[in-house]
Amino acid sequence: MRWAGVLFVVLIVCPPKICTSAEPALGDVGDQSGMVVTGTLEELDLTGMKGMLKTDLGKPIFFQVVKPQLFERLSVGQKVTVQLDHDGRATKVIDMPVPELKQPLPEGK
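From a predicted model like this one, the values you see are computed outputs, not experimental measurements.

A. Seen up close, the pattern of salt bridges. Considering all chains together, one arrives at four salt bridges under this definition. The residue aspartate 56 makes a salt bridge to lysine 79 at a minimum N-O spacing of 2.6 Å. In this pair, aspartate 56 is assigned in the loop between β2 (50-55) and β3 (60-65) and lysine 79 in strand β4 (residues 79-84), connecting sequence segments 23 residues apart. Under the relative-accessibility criterion, lysine 79 is labelled partly exposed at 26%.

The following block contains the structure:
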């Protein structure tokens, strides 16, 4: 029963939406930049201004699109890094190209 009280206090002080972030917040405590998340772009609706990416751990991260031009060159299934503000709006997007694998050099050359 005591643990239930402790859990209740923790949930009141730190709501799950804020505390379950897989990525650290950026900047100082007073900074309004939010968090940076890397994953695979699973959903993108530029007319509805929303999207979702899935982290490498399988956690879905939903976001609002405020600048559709950031997503114009991206497609679903692509690996991206998105910076979100505290309201869940995507403020920056970086597409992550798949590294090109090169054949090893033959021995003796």
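Moving on from the coordinates now.
B. Quick peek at the side chain of threonine 81. Its place among the elements puts threonine 81 in strand β4. On the basis of relative accessibility, which here comes to 15%, the residue threonine 81 falls in the buried class. For threonine 81, the side chain forms a polar contact with the side chain of threonine 38, separated by 2.9 Å. Aside from chain neighbours lying at most four places away, what touches threonine 81 is Val36, Val37, Thr38, Lys92, Val93, Ile94 and Met96.

C. Examining the packing of aromatic side chains more closely. Under the criterion given, the structure shown has one aromatic pair. Ring centres of phenylalanine 63 and phenylalanine 71 lie 5.5 Å apart, and the angle between their planes is 10°; this geometry places the pair in the stacked category. By the burial criterion, phenylalanine 63 is buried, and phenylalanine 71 matches it.

D. Region of interest: the sheet that holds strand β5 (residues 89-95). Around the barrel, five strands lie side by side as β1-β2-β3-β5-β4; this closed barrel has mixed pairing. Neighbour-to-neighbour, the strand axes of this sheet turn through a mean angle of 50°, independent of strand direction. Bridge count between strand β1 (residues 35-45) and β2: six bridges; the pairing is antiparallel. Within β2, the residue paired with glycine 39 across the bridge is threonine 55.

The rules behind these values
Residues numbered from 1 in each chain as written. Predicted model: local features only at pLDDT ≥ 70, side-chain atom pairs only at ≥ 80, totals over all residues. Heavy atoms only, no water. Salt bridge = Lys/Arg side-chain N within 4 Å of Asp/Glu carboxyl O. Helix = DSSP H or I, 4+ residues; strand = E, 2+ residues; numbered from the N terminus. Buried < 20%, exposed > 50% of the residue type's maximum accessible area, 1.4 Å probe, protein only. Polar contact = N/O pair within 3.5 Å; in protein donor to acceptor, adjacent residues only side chain to side chain. Contact = heavy atoms within 4.5 Å. Phe/Tyr/Trp six-rings, centres within 6.5 Å; stacked < 30°, edge-to-face > 60°. Pairing = 2+ DSSP bridges. Axes fitted to C-alpha atoms, helices over the stretch in contact; angles between N-to-C directions.

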